[in-house]
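This is what each chain is made of:
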Amino acid sequence: QVQLVESGGGLVQPGGSLRLSCTASGRNLRIATMAWYRQAPGKQREWVATTTSSGTAANADSVKGRFTVSRDNAKNTVYLQMDSLKPEDTAVYYCYAAASTDRIPVLAYWGQGTQVTVSS
């Protein structure tokens, strides 16, 4: 069983910053891809950023230059540094991981979500 636990959401003023963290846990865990998605009220879940085990990273156009995804493989943790936040960044942010263990092949896992609200 693989679990993802997120932290770091909250309320911030426009132009402010937040840092999200997501840690994966499980026996003999091997993680390929870790990513962040978000879902605003009334909208579909959308991809935000991805990082692979080799360190390759990619961001959605809507957050380029403002958000930075990074990863600590030793801690099975992915981070999302969010700067210059805008009201339209308000959403529930979800952590995603494609991971396997000794007994379970590669599957997709999701965190419980953390609320980010950008408002003055």
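Everything here concerns the structure above.
Cut-off values and rules
Residues numbered from 1 in each chain as written. Predicted model: local features only at pLDDT ≥ 70, side-chain atom pairs only at ≥ 80, totals over all residues. Heavy atoms only, no water. Helix = DSSP H or I, 4+ residues; strand = E, 2+ residues; numbered from the N terminus. Buried < 20%, exposed > 50% of the residue type's maximum accessible area, 1.4 Å probe, protein only. Contact = heavy atoms within 4.5 Å. Polar contact = N/O pair within 3.5 Å; in protein donor to acceptor, adjacent residues only side chain to side chain. Disulfide = S-S within 2.5 Å. Core = buried A, V, L, I, M, F, W, Y, C linked by side-chain atoms within 4.5 Å. Salt bridge = Lys/Arg side-chain N within 4 Å of Asp/Glu carboxyl O. Pairing = 2+ DSSP bridges.

## Brief notes about the environment of D102
Looking at the element boundaries, D102 is found in the loop between β9 (91-100) and β10 (107-110). Under the relative-accessibility criterion, D102 is labelled exposed at 54%. Between the alpha carbons of D102 and L29 there is a distance of 7.6 Å; along the sequence they are 73 residues apart. Contact partners of D102, with chain neighbours within four places excluded, come to N28 and R30. Side-chain polar atoms of D102 contact the side chain of N28, separated by 2.9 Å. At 3.0 Å, the side chain of D102 forms a polar contact with the side chain of R30.

## Here's the deal with the state of the cysteines
Here is the idea: a disulfide is a covalent bond, and it sits between the sulfur atoms of two cysteines. Going through the model one piece at a time under the given rule, you end up with 1 disulfide. The partner cysteine of C22 in its disulfide is C95, sulfur to sulfur 2.0 Å. Of note, the bridge from C22 to C95 carries an S-S torsion of about -80° and is left-handed in sense. Placement of the pair is C22 in strand β3 (residues 18-25) and C95 in strand β9, with a sequence separation of 73 residues. For the residue pair C22 and C95, the accessibility class agrees, reading buried in each case.

## Describing the nonpolar core
Counting residues in each nonpolar core, the largest one holds 30 residues, and the members touching the most others are W36, V48, F67, L80, M82 and Y93. Every element with two or more residues in this core is listed here: β3, β4 (30-39), β5 (46-52), β7 (67-72), β8 (77-82), β9 and β11 (114-118). Ranked by residues supplied to this core, first place goes to β9 with 5 residues. Leave out the neighbours within four places in its chain, and Y93 touches E6, L20, W36, Y37, R38, V48, F67, L80, M82, G113, T114 and V116.

## Points about the pattern of salt bridges
Oppositely charged side chains can form a pair if their charged atoms are brought close together. Evaluated as defined, the whole model comprises 5 salt bridges. In this structure, D102 engages R30 in a salt bridge whose closest nitrogen and oxygen atoms are separated by 3.0 Å. Here D102, found in the loop between β9 and β10, pairs with R30, found in strand β4; they are 72 residues apart in sequence, far enough to count as distant. With a closest N to O distance of 2.7 Å, R66 and D89 form a salt bridge. Placement of R66 in the loop between β6 (57-59) and β7 and of D89 in the loop between β8 and β9 is noted, with a sequence separation of 23 residues between them. Assigned by exposure class, R66 and D89 land together as buried. Three or more residues are tied together by salt bridges with common partners; here these are R38, E46, R66 and D89.

## A word on the pairing of β4
The pairing of β4 with β9 spans 9 bridges and is antiparallel. Its bridge partner lying in β9, R30 is registered against S100. Strand direction decides the pairing type here: β4 and β5, joined by 6 bridges, are antiparallel. What sits directly across from W36, in β5, is A49. Counting the residues that bridge the hairpin from β4 to β5 gives 6 residues, and of these G42 lies at a positive phi of roughly 80°.

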